[in-house]
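# Coordinates in review
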Amino acid sequence: MNESRITVAMPKGRIFDDACRLLRNAGFSLPDTFESTRKLILDLDDEPFRFILAKPVDVPTYVEYGAVDIGIAGKDVLLESGRDVYEMVDLGISKCHMAVAGLPQHRSSNPYLKIATKYPHIASDYYRKRGEQVDLIALNGSIELAPIVGLADAIVDIVSTGQTLRENGLVEFDRLMDISSRLIVNPVSYRLKKKAIDQIVEKMIRATEGNKVGMD
Ligand SMILES: Nc1ncnc2c1ncn2[C@@H]1O[C@H](COP(=O)(O)OP(=O)(O)OP(=O)(O)O)[C@@H](O)[C@H]1O
Ligand SMILES: O=P(O)(O)OC[C@H]1O[C@H](OP(=O)(O)OP(=O)(O)O)[C@H](O)[C@@H]1O
């Protein structure tokens, strides 16, 4: 790891714009082209920061292995990955929740409920704590399809506005946890670059608080 530079893994996709806004509010001068470029590694002109643009689900991996010092990841992705990273700040962006959902009044004829999900670890933890044995079916997207086409009895997935559930005739059965994006840090980086990382954490906490005030 470069001693003087701080490297940050940014999630591409829906968190990206919120994360850029927060970083700018925290005082980082990200160029205007940040949101439109196809480059995957971006250096700031006047500050010792390098940003890499990664798939959201991969951010904890880059951080755990020390390929970067810091990352921004959804709590869902963090819990599912089980990666060994420090979770330093709840950034309060990309808020949603994890839920169990399915067709209303669905009765299963399966010996064990079939649960489709992008989050097999979170789902299995949930059902284990309830003492229920289930068959997990791992999917990568459009999870809401599974109960409709008879692939699963229910799903464990992200709900934000509820539009996807509503428009596909599904209802929420249980709410597992609230989700938002977190600032995560590699433990070795934190030891070696504590002062610089603490400064970033402070700035991000302040920006996040400003964000919350602005949202009320
Ligand atoms: N509908 C939603 N509304 C708000 N936040 C969401 C929603 N869905 C997911 N999120 C949050 O945003 C994060 C990133 O989601 P995004 O859809 O960009 O990535 P992804 O699921 O890996 O998609 P893709 O596979 O298309 O790259 C999730 O980990 C979660 O924390
Ligand atoms: O409650 P809503 O506001 O409708 O948002 C929830 C949807 O958003 C996510 O899907 P995403 O858009 O990431 O697509 P995916 O099906 O490819 O995972 C999630 O998996 C839900 O399907």
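Criteria and thresholds
Chains are numbered independently. Their residues run from 1 in the order of the written sequence. Think of it this way: whatever chain is written first is A, whatever ligand is written first is 1, and the rest follow in order. The model is predicted, so local features are restricted to residues of pLDDT at least 70 and side-chain atom pairs to those at 80 or more, both for listing and for counting; the totals for chains, interfaces and linings are taken over all residues. Note that water and hydrogens are dropped before the side-chain values are worked out from all heavy atoms of the structure. We call a residue near a given molecule or strand whenever any one of its heavy atoms falls within 4 Å of it. Pairing of N or O atoms within 3.5 Å defines a polar contact, subject to two protein rules: one partner must be a possible hydrogen donor and the other a possible acceptor, and residues neighboring in sequence count only if both atoms are side-chain atoms. Reported accessibility uses the Shrake-Rupley method at a 1.4 Å probe radius. Residues are deemed covered only where the shown protein chains occlude them. Numbering of helices and strands runs from the N terminus; a helix is a DSSP stretch of H or I covering at least four residues, while a strand is a stretch of E covering at least two. The nonpolar class holds Ala, Val, Leu, Ile, Met, Phe, Trp, Tyr, Cys and Pro. Asp, Glu, Lys and Arg form the charged class, and all remaining residues, Gly among them, are polar. Strand pairing is defined by DSSP finding a minimum of two bridges between the two strands. All axes here are fitted lines through C-alpha atoms, helices being fitted over the stretch that makes contact, and every angle between N-to-C directions spans 0 to 180 degrees. Residue contacts follow a heavy-atom distance rule, with two residues in contact if any of their heavy atoms lie within 4.5 Å.

## Concerning the site of ligand 2
The full set close to ligand 2 counts 13 residues, and Ser142, Glu144, Asp157, Thr161 and Thr164 are the nearest of them. Note that an oxygen atom of ligand 2 is positioned 2.7 Å from one of the side-chain N or O atoms of Glu144. A distance of 2.7 Å is found between an oxygen atom of ligand 2 and a side-chain nitrogen or oxygen belonging to Asp157. In the complex, the protein chains occlude 72% of the 500 Å² of accessible area that ligand 2 would expose alone. For the shell around ligand 2, the elements supplying multiple residues, two or more each, are strand 9 (154-159) and helix 6 (163-167). For the shell around ligand 2, a count of residues per class yields 2 nonpolar, 7 polar and 4 charged.

## A word on the sheet that holds strand 11 (residues 181-185)
Spatial strand order, 2-3-1-4-11-5: 6 strands in an open sheet with mixed pairing. Each having just a single partner strand, strand 2 (41-43) and strand 5 (86-90) make up the two edges of the open sheet. Going across the sheet, the axis of each strand differs from the next one's by a mean of 25 degrees, ignoring polarity. Pairing of strand 5 with strand 11, which is carried by 4 bridges, proceeds in the antiparallel orientation. The residue of strand 11 that forms the bridge with Asp90 is Arg182. Those strands touched by helix 1 (residues 14-25) are strand 1 (6-11), strand 3 (49-54), strand 4 (70-74) and strand 11, and its axis lies near 140 degrees from that of strand 1.

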